[in-house]
Amino acid sequence: MTHGTDSMDSPVYGTFGNGSGRSPEPEPQYSLKMFGEVVKTFRKRARLTQEQFAPLVGYSPETVASVEQGRRIPPPDFAERADSILDAFGVILAAAKHLTRKKGLASWFRQWAELELAALSLYTYECRLIPGLLQTPAYARTLFADQLPPLADEQIEAQLAARLERQQLLRERPNTAFSFILEEHLFLRDLGGEEVTRELLDHILDLSELRNVDIQIMPLVRHHHAGLHGPMQLLETPDHQWFGYLEGQEHGQFVSDPKVISALQMRCANMRSQALSLDDSQSLMRQMRGAR
């Protein structure tokens with residue numbers, strides 16, 4: 001359920017709650033490109049390669065490259081660290097301030113994406129389609145190609161590139177705990193055809209072997225189900241604050257109300273007990289894989 005970002009479009013909505021007005025998958029925006037150029041200029045001035053700079057700033061070379069190319073919002077502490085390490089006279093910090101003032105990513109997605117980059121844990125329940133973090137290129141392309149109103153070829157390619165870029169979180173954040181609860185029927189639908197589903201199952205089985213990734217399947221038949229309110233996502237920050245995200249067809253809602261968060265946590269905990277265990281979930285996915 002990773003936001004309109006995690007499922008079909010990214011970001012889908014420009015406002016919280018009952019917002020409307022679709023915007024395409026995050027593409028390199030002017031403010032992000034400019035920030036990236038500033039960082040790159042000061043990095044080169046310091047005569048550091050991306051590989052040398054990455055451990056100093058505390059992120060992977062891939063993250064540094066994404067920031068410099070304007071393809072990713074910098075993590076919350078990136079600008080401050082980079083400015084200090086590169087002796088940038090406050091220029092990088094000043095450039096970072098403008099990222100929230102210029103048009104680009106929808107405001108709600110920008111807020112969620114910043115939290116996501118430093119999250120201690122991410123919990124996802126999805127009943128509509130495979131979450132974006134777990135999708136294969138073929139599965140994601142099917143979603144984009146089937147979208148209505150239709151997308152142009154260049155829009156599909158841009159959205160696919162952004163989707164694959166975001167998936168690096170699973171491997172770039174080994175200390176972040178990712179937990180997914182997926183409905184069994186998501187695989188039985190054979191979206192995109194049997195070959196796409198076979199590849200999808202192989203891919204998710206591979207991801208389930210990562211120590212920081214838990215994947216549970218909610219069986220097709222379940223007499224009691226705590227997730228009937230729909231998809232949801234929960235996130236824990238380094239300060240141990242919790243936030244949520246709920247998504248509908250034409251709106252996205254960022255949740256910070258402690259009472260609502262408590263209810264979502266209760267439902268998520270219940271669903272984790274109702275879903276198959278990690279081992280049984282892997283066994284079921286292997287059975288579905290063998291049936292194709």
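Basis of the calculations
Residues numbered from 1 in each chain as written. Predicted model: local features only at pLDDT ≥ 70, side-chain atom pairs only at ≥ 80, totals over all residues. Heavy atoms only, no water. Core = buried A, V, L, I, M, F, W, Y, C linked by side-chain atoms within 4.5 Å. Buried < 20%, exposed > 50% of the residue type's maximum accessible area, 1.4 Å probe, protein only. Helix = DSSP H or I, 4+ residues; strand = E, 2+ residues; numbered from the N terminus. Contact = heavy atoms within 4.5 Å. Patch = residues over 30% accessible without salt bridge, like charges linked within 9 Å, V, L, I, M, F, W, Y side chains within 5 Å. Areas by Shrake-Rupley, 256 points an atom, 1.4 Å probe, with all protein chains shown as cover. Salt bridge = Lys/Arg side-chain N within 4 Å of Asp/Glu carboxyl O. Axes fitted to C-alpha atoms, helices over the stretch in contact; angles between N-to-C directions. Left-handed = near helix turned anticlockwise from the far one by under 90°. Pairing = 2+ DSSP bridges.

Draft legend 1. Expanded view of the nonpolar core. One finds Leu182 and Phe187 to be the most contacted residues of the largest nonpolar core, which totals 33 residues. Ranked by residue count, the leading element in this core is helix 12 (residues 194-207), at 6 residues. Beyond its immediate stretch of four places on either side in the chain, phenylalanine 187 contacts Ile130, Leu182, Thr197, Leu200, Leu201, Ile204, Ile217, Met285, Met288 and Arg292. Among the nonpolar cores identified, the runner-up in size contains 22 residues, and Tyr59, Val67, Ile73 and Ala79 belong to it.

Draft legend 2. Local environment of a nonpolar patch on the surface. A cluster of nonpolar side chains, namely Leu188, Leu220 and Val221, defines an oily patch on the protein surface of about 290 Å² accessible area. Its location among the elements puts leucine 188 in helix 11 (residues 185-188).

Draft legend 3. Broad picture of the packing of helix 3 (residues 50-57) against helix 5 (residues 78-85). Interaxial distance between helix 3 and helix 5 falls to 10 Å at its minimum, and their mutual angle equals 115°. Taken as a pair, helix 3 and helix 5 cross one another with a handedness that is right-handed. In this structure, helix 3 contributes Phe53, Leu56 and Val57 to the contact, and helix 5 contributes Phe78, Arg81, Ala82 and Ile85.

Draft legend 4. Focus on the sheet that holds strand 4 (residues 232-236). The 6 strands lie next to each other as 3-2-1-4-5-6, forming an open sheet whose pairing is mixed. This sheet does not close on itself; its edge strands, each paired only once, are strand 3 (213-218) and strand 6 (252-255). Strand-to-strand, the axes of this sheet are offset by a mean angle of 10°, without reference to chain direction. Two elements, strand 2 (residues 177-183) and strand 3, share 6 bridges in a ladder whose sense is parallel. When the sheet's bridge partners are listed, isoleucine 181 is paired in strand 3 with glutamine 216. Relative to strand 4, helix 13 (residues 258-274) is tilted by about 110°, and along the sheet it contacts strand 1 (121-126), strand 2, strand 3, strand 4, strand 5 (242-247) and strand 6.

Draft legend 5. Representation of helix 8 (residues 137-145) in the model. When helix 8 is considered as a whole, its buried residues turn out to be Tyr139, Ala140, Thr142, Leu143 and Phe144. Those residues of helix 8 that are buried lie in contact with helix 9 (153-166) and helix 12.

Draft legend 6. Inspection of the environment of proline 74 at higher detail. Take proline 74: it is sitting in the loop between helix 4 (61-68) and helix 5. According to the relative accessible area criterion, proline 74 is buried, its value standing at 8%. Taking the C-alpha atoms as reference, proline 74 lies 7.6 Å from glutamate 114; in sequence the two are 40 residues apart. With sequence-adjacent residues up to four places away left out, proline 74 is seen in contact with Leu32, Phe35, Val67, Leu99 and Leu117.

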